[in-house]
Amino acid sequence: MRLAQYSVVSALALVSCPALAEEAVPGDASDPSIVVTALRSPVEQDRVSSTVTVLDEAAIRQQQPIALADLLLRTPGISLSRNGGYGTATSLRIRGADSSQTVMVIDGVRIADPSATGGGYAFSNLLIDDIERVEILRGPQSILWGSDAIGGVVNVLTRRAEKPLEGSMAVEGGTHATVNAQAGVGGTGSLLDWRVAGSTFFTKGISARSNGTEPDGYRRTSTSGTATLKLTPDLSVDLRGYWADARNDFDGITGDTRAYGLTTEWTAYAGVNLALLDGRLINRLAVLETQTDRANYDPARTIRQLNFDAHGRVRRYEYQGTLRISDAVQAVFGAEREEQRMTSASPGNSTAAYALVPQSADTNSVYAELRATPLAGLTINGGVRHDDQSRFGGNTVFTAGGVYTPNKGRTVLRASYDEGYKAPSLYQLFSLYGSAALQPERARGWSVGAEHKLGRILHASATWFERDTDNLIDFAFCPTTGALPPACYIPGTAVSRFGYYANVRKAHAKGLELGARAQLGVLFASGNYSWVAAEDRSPGGADLGRQLARVPRNLANVEGGVDLPQRLRASLAARHAGRTFDRAGTATVLPGYWLLDLRAQWQVTEGLTVNGRVENLGDKRYETAGGYGALGRTVYFGLRSRF
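Residues numbered from 1 in each chain as written. Predicted model: local features only at pLDDT ≥ 70, side-chain atom pairs only at ≥ 80, totals over all residues. Heavy atoms only, no water.

A.B. asks: Hey, could you go over the overall build of the protein for me, with residue numbers and the actual values?
C.D. replies: Looking only at helices and strands, the protein features five helices and 31 strands. The C-alpha atoms of the protein give a radius of gyration of 24 Å, which matches the 26 Å a tight globule of 643 residues would have. Its C-alpha atoms put the protein at 70 × 50 × 50 Å along the principal axes. At a minimum sequence separation of 6, the contacts of the protein that also span at least 24 residues come to 63%. Taken as a whole, the protein presents about 25,300 Å² of accessible surface, with 62% of it coming from carbon and sulfur. Side-chain charges of the protein comprise 67 positive and 64 negative groups, with the mean position of each set lying 2 Å from the other. (Helix = DSSP H or I, 4+ residues; strand = E, 2+ residues; numbered from the N terminus. Rg over C-alpha atoms; globule rule 2.2 N^0.38 Å. Contact = heavy atoms within 4.5 Å. Areas by Shrake-Rupley, 256 points an atom, 1.4 Å probe, with all protein chains shown as cover. Lys, Arg positive; Asp, Glu negative; His and termini not counted. Charge placed at Lys NZ, Arg CZ, Asp CG, Glu CD.)

A.B. asks: Any details on a nonpolar patch on the surface? Residues and values, ideally.
C.D. replies: Residues L165, V185, L191, L192, W194, V196, L229 and L231 make up a contiguous nonpolar surface patch of roughly 670 Å² in combined accessible area. Those elements giving two or more residues to the nonpolar patch turn out to be β10 (192–203) and β11 (218–232). Tracing the backbone through its elements, the reader meets L231 in strand β11. (Patch = residues over 30% accessible without salt bridge, like charges linked within 9 Å, V, L, I, M, F, W, Y side chains within 5 Å. Salt bridge = Lys/Arg side-chain N within 4 Å of Asp/Glu carboxyl O.)

A.B. asks: Can you explain the pattern of salt bridges? Please cite residues and give values.
C.D. replies: For the structure shown, the criterion picks out 42 salt bridges. Salt-bridge contacts for D327 lead to R324; the nearest nitrogen and oxygen are separated by 3.4 Å. Of the residues examined, D327 reaches a relative accessible area of 69% and is grouped as exposed. A salt bridge links R414 to E451; its shortest N-O distance comes to 2.8 Å. Within this pair, whereas R414 is found in strand β20 (residues 411–422), its partner E451 is found in strand β21 (residues 441–454), the two being separated by 37 residues in sequence. E451 carries the same exposure label as R414, and that label is buried. Via salt bridges that share partners, R284, R316, E318, E336, E338, R385 and D387 belong to a single interconnected network. (Buried < 20%, exposed > 50% of the residue type's maximum accessible area, 1.4 Å probe, protein only.)

A.B. asks: Lay out the packing of aromatic side chains in plain terms, naming residues and giving numbers.
C.D. replies: Per the counting criterion, the structure on display carries 15 aromatic pairs. Here the aromatic rings of Y433 and F475 are separated by 5.7 Å at their centres, their planes lie at 75°, and the arrangement is edge-to-face. Of this pair, Y433 sits in the loop between α5 (426–430) and β21 while F475 is found in strand β22 (residues 458–477), placing the two residues 42 residues apart along the sequence. Both rings, one in F477 and one in F498, keep their centres 6.4 Å apart while their planes meet at 25°; by these two values the pair is stacked. (Phe/Tyr/Trp six-rings, centres within 6.5 Å; stacked < 30°, edge-to-face > 60°.)

A.B. asks: Can you break down the state of the cysteines residue by residue, with the values?
C.D. replies: Tallied over the full model, the rule gives one disulfide. Linked covalently through their sulfurs, C478 and C488 form a disulfide whose S-S length is 2.1 Å. Disulfide C478-C488: the torsion about the S-S bond is -110°, which places it as left-handed. In this pair, C478 is assigned in the loop between β22 and β23 (499–520) and C488 in the loop between β22 and β23, connecting sequence segments ten residues apart. There is no split in this pair, since C478 and C488 are both buried. (Disulfide = S-S within 2.5 Å.)

A.B. asks: Give a description of unusual backbone geometry that names residues and reports values.
C.D. replies: Phi angles above zero are rare outside glycine, and R95 is one such case at about 55°. Note that R95 resides in the loop between β3 (90–94) and β4 (102–106). A positive phi angle is found at L277, which is not glycine, with a value near 55°. Structurally, L277 can be placed in the loop between β13 (260–276) and β14 (281–297). Note on L277: relative accessible area 47%, which makes it partly exposed.

A.B. asks: Describe the nonpolar core, naming the residues involved and giving the relevant values.
C.D. replies: By size, the foremost hydrophobic cluster in this structure holds 26 residues, and its most contacted members are L68, L72, M104, V134, V154 and V156. Elements with a contribution of two residues or more to this core: α2 (57–63), α3 (68–72), β2 (78–82), β3, β4, β6 (131–138), β7 (152–158) and β12 (235–249). If you tally residues by element for this core, the top one is α3, at four residues. For L68, the contacting residues outside a window of four places in its chain are M104, L126, L127, I128, I131, V134, V154 and V156. (Core = buried A, V, L, I, M, F, W, Y, C linked by side-chain atoms within 4.5 Å.)

A.B. asks: How would you summarise the sheet that holds strand β5 (residues 109–111) if you had to cite specific residues and measurements?
C.D. replies: With mixed pairing, the five strands of this open sheet are ordered in space as β1-β6-β7-β4-β5. Taken across any chain shown, the strands that pair with only one partner, and hence form the sheet edges, are β1 (51–55) and β5. In this sheet, adjacent strand axes meet at a mean angle of 20° when their direction is disregarded. As defined by bridge partners, β6 adjoins β7 across seven bridges and the pair is classed as antiparallel. Each bridged residue has a counterpart across the sheet, and for V134 the counterpart in β7 is V156. (Pairing = 2+ DSSP bridges. Axes fitted to C-alpha atoms, helices over the stretch in contact; angles between N-to-C directions.)

A.B. asks: A description of the side chain of E615 should follow, citing residues and the corresponding values.
C.D. replies: Structurally, E615 can be placed in strand β30 (residues 608–615). Judged by its relative accessible area of 12%, E615 is buried.

A.B. asks: Residue-level account of the pairing of strand β8 (residues 166–174), with values.
C.D. replies: Across nine bridges, β8 lies against strand β9 (residues 178–187) in antiparallel orientation. Bridge assignment links G173 to a residue of β9, and that residue is V179. Where β8 folds back onto β9 in an antiparallel hairpin, the turn is made up of three residues, including H176, whose phi is positive at roughly 65°. Pairing geometry for β8 and strand β31 (residues 634–642), over seven bridges, is antiparallel. Residue pairing across strands places V171 opposite L639, the latter belonging to β31.

A.B. asks: Can you tell me about the side chain of R301, naming the residues and giving the values?
C.D. replies: Structurally, the position occupied by R301 is in the loop between β14 and β15 (306–324). There is no salt bridge for the buried R301, and the closest opposite charge comes from D298, which lies 4.9 Å off by N-O distance. Within the local environment of R301, its side chain forms a polar contact with the backbone oxygen of R304, the two atoms lying 3.3 Å apart. One polar contact links the side chain of R301 to the main-chain carbonyl oxygen of L306, over a distance of 3.3 Å. Here R301 is in contact with L306, N307, P347, G348 and N349, once residues within four sequence places are set aside. (Polar contact = N/O pair within 3.5 Å; in protein donor to acceptor, adjacent residues only side chain to side chain.)

A.B. asks: Can you tell me about the pairing of β1, naming the residues and giving the values?
C.D. replies: Within β1, five of the five residues are buried, which leaves it mostly tucked inside the rest of the structure. Going residue by residue along β1, you find T51, T53 and L55 tucked away on one face and V52 and V54 tucked away on the opposite face as well. In terms of strand pairing, β1 meets β6 through five bridges, oriented antiparallel. Bridge pairing in β6 links V52 to L137.

A.B. asks: Can you lay out the environment of S81 for me, pointing to particular residues and giving the numbers?
C.D. replies: Inspection of the secondary structure assignment puts S81 in strand β2. Between the C-alpha atoms of S81 and Q389, which are 308 residues apart in sequence, the distance is 31 Å. If we ignore the near neighbours within four places in the chain, the residues touching S81 are A89, T90, S91, R93, R550 and T624. Of the polar contacts made by the side chain of S81, one reaches the side chain of R93; its length is 3.0 Å.

A.B. asks: Residue-level account of the environment of F333, with values.
C.D. replies: Here F333 lies in strand β16 (residues 329–345). Classification of F333 by relative accessible area gives partly exposed; the value is 31%. Taking C-alpha positions, F333 is 6.3 Å from E369, a pair spaced 36 residues apart along the chain. The residues contacting F333, other than those within four sequence positions of it, are L281, Y319, Q320, G321, L323, Y367 and A368.

This is the structure we're talking about:
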């Protein structure tokens, strides 16, 4: 019943994409009937050609993460850097791609901050909250998601009600005076399905700088809600919303400061779903909006403490059609318009007024994809997308793939070719260091993979991928002597600047992702290993052939434990990240590290579970960003309930 509900929601609320495949990760589903909602139209697991990891609610709760990023980095090919504890700047890299080259989606709504330097999403403020399902789509995927989908897509679904009236709650506390609480209520009916949820999080934290002594705290409050109004069997209306408000303390590059930042994020979605031709044609028409407001304050200032003020907004208009031509052939097509707006300023320590100058870019898009099963066990897919952006013009991407299973899903072979691009951000175009001549970053990638299952005893998979990215945007420094080139002057003025954004880099990434899990009686084990060679290929550059900064070449996750009939589950997990260069152009190396986690949960009754964990059991000191601290040994206890 739950899978059927996801299929209907996916078909009505999301939009098409190249086919995907599940990786073997702790707790993920491997049943061929599982559908991937990141496709924006439901596709069975053995009919998908690219790579996706699907984590259901059970897998999420078993790992007991606080932040979504902590969950993602335990899956293949993903690395993370964080400037301190929770709430500080966080960068997530999929297969070595920059964090701004990843698309973030919550309940079908793409979330981004146009006022950010790269225009992407800041993963620092997204906690697990009411999340019930997470999908990580790897590789260039602009056929579906347009700009930014070079590394991949993270698709999140919040919980949906299954009973006429139901509720849930969870609370935990632990080291650094950390308190994390969540609650939600919802219901289903013949006319209306609905759910609302809220959460609050607080921690005193650790010093963001590794040489600091003052703790940098973090607090966050969020709410979310969904409602589906079923007007007729073929007509429904979807309403969704998400809001989060956070404050985080942070340090300067030299050590402790009293600086802090305030961030408010909200999203809204309204969509109409109409099924025609006896349900063979499903239409979706929707309006979406996201907004991010950020402000930084420095209490050490004597006149004006506000030293950064930014506002970003994205509004989207979407149409999608999903047509089932026959049982063997399905088509997805659509059109979108995206409107980006931003303002930003860095006010001085004075009473002088500062200007928030609005900047904008609009994109119109059309796309189509066809998926066919000409022979039993064989599925092929192909698609095309064209975007026309008001600043740089048109861009077209293609995708193609195939998947074959000779034994009804026990063995699956996959291959795909995908393209992606990333438009210059508004900051890169219009800031003090911007350039209106920037062109989009472009990527081409392919992957091949295989997986095999021996019933419930063993599930193993292997994937090889490669990706070329060119036109990468980087900061170009101006010469300090001699005549300055025209680009070293602020556009339209005679005022010089020390640098500017330009399309100056290329990169090549290739790698191997291995995964396996096994179950024997009450014993279970799982693990994944990723070898990611992501190298700078900029012609004539000083870093030519060198691994990209903060991208470990070796990543590994291992977990083993017992799952007893008495509803007690306990495990020991280990995570490894190899050595990395801290920054491009420097020789500073961040050493590799292993971290150990101990987790346990006991389902006391049908609706009540007690859980606890020790993270970084060995109290390992390590850095994911040079000069910034990371959490040492932490202990948490909590309970959760559904009723």
